[in-house]
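Structural description and commentary
Okay, here's what each chain looks like letter by letter:
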Amino acid sequence: MATPDNKLAFDGGWEYAPAPESTDHVTIRKRYGLFINGEFVAPEKGRYFDTLNPATEEKLSRVAEASAADVDKAVKAARDAYRNVWSRMKPAERGKYIYRIARIIQERAREFAAIESLDGGKPIRESRDVDIPLAAAHFFYYAGWADKLEYAFPGRKPRPLGVAGQIIPWNFPMLMAAWKLAPALACGNTVVLKPAETTPLTALKLAEVIRDAGLPPGVVNIVTGAGPTGAALVEHPGVDKIAFTGSTNVGKIIQRALAGTSKKYTLELGGKAANIVFADAAIDQAVEGIVNGIFFNQGHVCCAGSRLFVQESVADEVISKLKDRMETLIVGDPMDKNTDIGAINSKMQLEKIESYLKIGQQEGGEMYQSACRVPKQGYWCRPTLFTGVSQSNRVVQEEIFGPVLAIQTFRRFDEAITKANNTPYGLSGGVWTDKGSKIFKMTQSLRAGVVWANTFNKFDPASPFGGYKESGVGREGGLHGLDAYLDLGAHR
Amino acid sequence: MTRIPVAKTYKIYIGGKFPRTESGRYFPLEDGKGNVIANMCRGSRKDFRNAVVAARNAQPGWAKASAYLRGQILYRIAEMLEGRRDQFIGELRLQGATQRAAEKEVDLAIDRLIYFAGWADKYQQVFSAVNPVSSAHFNFSVLEPTGVVSILAPDDTSLLGLVSNVAPAIAGGNTCIVLASESKPLCAVSFAEVLHASDVPGGVVNILTGFRSELVEQFASHMDVNAIVYCDGGKKVATSVQQLAAENVKRVVKRTRVDWTRDDAQDPYLIRDTQEVKTTWHPIGT
């Protein structure tokens, strides 16, 4: 246990020198149109919006706002491409196009990483080592499925659905685009993709990659815009499938909007994951896992381990070590390779997080924040934890989507399970213990789609991801992720 | 003097018990000539809520039962149904079926139970996966039951449609609340008696009779139901079910215009429809 005698002095005189990632190899155009039918075109109504660097609040580019008429154009292009080209192509050839995309992303990986961090505020270390490599891997993985689909579904003859409308969030812009596009294309669908309005740039760069890879025009169309653009896509009668990643509230609106239509849908929604630490866990590893669970990507992660449950006998030790570890986290310039926690994605999101910090305290929770300095310009939130909270507190029940951890304790196994499952969500969970049998009892008892044992926030293209209960419908990734983009012709 | 036969009171089935509807209401079931066959319970929304509580309480235990045991219990249901074959044929005939059609329906229902009994310990192997992730983790995906499933059974069959939808749901470890065919409800109640004699724990299957139009909203909107399977109904029903289901992001399984007598009306994908995929990451190290 940490005592004043052996405690490391993290607030000593040593500071890291800045280690900024260079951006001289990065090109961002002043203005982007919509990517429809293989080329960038101006939006019908001529409206554009700014996309900002959340770390500096400076404008990076102006991006077209797609109206319903633009969405219509994109859907028509996708339909034509589906009918005339993509559905007629030999699956193996389709696969080769997707392999090409994977390869070009790998070649241009650093440029993508830099733009991801500039546009979204995430630390370059994460965009460089996680987001972009995983995006490339995702295309590579699904490319190979294109001509093997009948092996994935025994007794079935899978067929593509047609045109897929896809709406992705701002927390992993490029990775989410890959999660959506790769399986859809491999299964033989064409796509209209709408990136989030605060982080459209990597998707638009991806449009360049898709063009360079020689994909037939209209197979992938990218329309930028906010809520109304997404709504136009959801409601468009020419779309056969909607794939959405975002908040549970919007997911419910989409599920309602699709009622009575024959559109298929998959929803990857919110979460409030329990990260459960037993007394017999390797405590230092668990502390690292807690940090990774909630502070990775500023906590802008639907599967973030935002509820910590610690067995009572080790609670003091875990919390004390956690606070020490929090003090070492560097919050600041996302482009600095030493940065652990970057900028909050937008002003709106920062205001939401700050409102929860107030709510948590008003409800009687005790708030602790690390003492780090944060830049004056830009949107920042120090790593934060709440103790003294209970199941009914809003900071325990509601998804904050920021670097805010709510800590509770438990005594018995059953109590941990009951508390962990006491949420409308069911996306992910974590368990820390050295006992194998306990791990499996725990992972079986957690009502969640992804469970990490003695690890957290791991992702892989081969690994299915998605939620139970109000965390969504369907899976993305792995063999199971194919189902979302195929008609299996069964009893529907 | 001829003996007076004893007529059966048709009740509903909740939590392993046969109560009358709490509402005290009934609807008369008539044969083609307008003679009353039975006074059926006109199940209420409160009956449904009670059934959800029973189904929720029974769910964890049923999901934990071994696949082998679930398979044996499904097999036992088939055995019990076989033993009562004549009773079901009689009820089907009362509800307008020909002798041949009635025999076929009962035989198919028995065989369908055997079919899903066999799947209980096999679908997991067909639909699970070990995933080759790039990091040093053992990563695997298995199916787990969605939880509590509400089922609107098809109207045009009294027994086979009900069995074809209940069997895959419970083979996969779910518990369910079923609304019987409104026009042909007799076999559903007798099937509850079969279940009751087959070691199916109380609450695993709950069966209501009544009016679909009165109960469909509850079936679709209840916040403690994880999935709804609805058979038939027009576009209006489909729209309403899906809209209400969104309240808690229910899984919606639509099975319309299925000819349940066909061989291809049974497959393990019906089990998969009410399953969740759970993926577990476990580090590999020393």
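As shown above, the structure is provided for reference.
Quick look at the structure, then. (Residues numbered from 1 in each chain as written. Chains lettered and ligands numbered in written order. Predicted model: local features only at pLDDT ≥ 70, side-chain atom pairs only at ≥ 80, totals over all residues. Heavy atoms only, no water.)

To continue, consider the overall build of chain B. Looking only at helices and strands, chain B features 10 helices and 10 strands. For 286 residues, the compact-globule estimate of 2.2 N^0.38 gives 19 Å, and the C-alpha radius of gyration of chain B, at 20 Å, lies within 12% of that figure. Counting only C-alpha atoms and orienting by the principal axes, one finds that chain B spans roughly 85 × 40 × 30 Å. Looking at the 286 residues of chain B, the share that counts as buried comes to 55%. Long-range contacts, defined here as pairs at least 24 residues apart, represent 77% of the contacts in chain B between residues at least 6 apart. Counting only carbon and sulfur atoms, one obtains 52% of the accessible surface of chain B, whose full area is about 12000 Å². (Helix = DSSP H or I, 4+ residues; strand = E, 2+ residues; numbered from the N terminus. Rg over C-alpha atoms; globule rule 2.2 N^0.38 Å. Buried < 20%, exposed > 50% of the residue type's maximum accessible area, 1.4 Å probe, protein only. Contact = heavy atoms within 4.5 Å. Areas by Shrake-Rupley, 256 points an atom, 1.4 Å probe, with all protein chains shown as cover.)

This part is about helix H2 (residues 91-107) of chain A. Residues and elements named next belong to chain A. Here H2 spans 25 Å end to end across 17 residues, near enough to the 24 Å set by a 1.5 Å rise per residue. Taken residue by residue, H2 has Arg 94, Gly 95, Ile 98, Ile 101, Ala 102, Ile 104 and Ile 105 as its buried positions. Turning to H2, the residues buried within the fold contact helix H1 (68-86), helix H3 (109-120), helix H4 (124-143), helix H5 (173-186) and helix H6 (201-212). (Expected span 1.5 Å × (residues − 1).)

Our next topic: a nonpolar patch on the surface. All names here are of chain B. Among the surface-exposed residues, Val 130, Phe 138 and Ile 284 lie close enough to one another that they form a single nonpolar patch of about 300 Å² accessible area. Looking at the secondary structure, you find Phe 138 in strand S4 (residues 137-145). With relative accessibility at 40%, the residue Phe 138 sits in the partly exposed group. (Patch = residues over 30% accessible without salt bridge, like charges linked within 9 Å, V, L, I, M, F, W, Y side chains within 5 Å. Salt bridge = Lys/Arg side-chain N within 4 Å of Asp/Glu carboxyl O.)

Turning our attention to a negative patch on the surface. Taken together, the side chains of Asp155(B), Asp156(B), Glu182(B) and Asp259(B) define an acidic patch exposed on the protein surface. Within the secondary structure, Asp156(B) is located in the loop between strand S5 (148-152) and helix H6 (160-171). (Lys, Arg positive; Asp, Glu negative; His and termini not counted. Charge placed at Lys NZ, Arg CZ, Asp CG, Glu CD.)

This brings us to the sheet that holds strand S4 (residues 48-53) of chain A. Strand pairs in the sheet, formed through backbone hydrogen bonds, run parallel or antiparallel to each other. Residue and element names in this part refer to chain A. Spatial strand order, S1-S5-S4: three strands in an open sheet with mixed pairing. Strands at the two margins of the open sheet, each flanked by one partner only, are strand S1 (31-32) and S4. Each of S4 and strand S5 (58-64) touches H3; the most contacted strand, S4, lies at about 100° to it. (Pairing = 2+ DSSP bridges. Axes fitted to C-alpha atoms, helices over the stretch in contact; angles between N-to-C directions.)

Once that is clear, we can look at the nonpolar core. Ranked by size, the top nonpolar core spans 171 residues in total, and within it Ile101(A), Phe139(A), Leu185(A), Leu206(A), Leu322(A), Phe191(B) and Ile207(B) carry the most contacts. When residues of this core are assigned to their parent elements, the largest contribution, 11 residues, is made by H5(A). Setting aside residues no more than four positions away along its own chain, Ile101(A) makes contact with Phe139(A), Leu185(A), Leu206(A), Val209(A), Ile210(A), Ala213(A) and Leu215(A). (Core = buried A, V, L, I, M, F, W, Y, C linked by side-chain atoms within 4.5 Å.)

Our next topic: the side chain of Thr279(B). Of note, Thr279(B) is situated in strand S10 (residues 275-283). Among residues more than four places away in sequence, those in contact with Thr279(B) are Gly449(A), Val450(A), Val451(A), Ser463(A), Pro464(A), Asn131(B), Asn139(B), Phe140(B) and Ser141(B).

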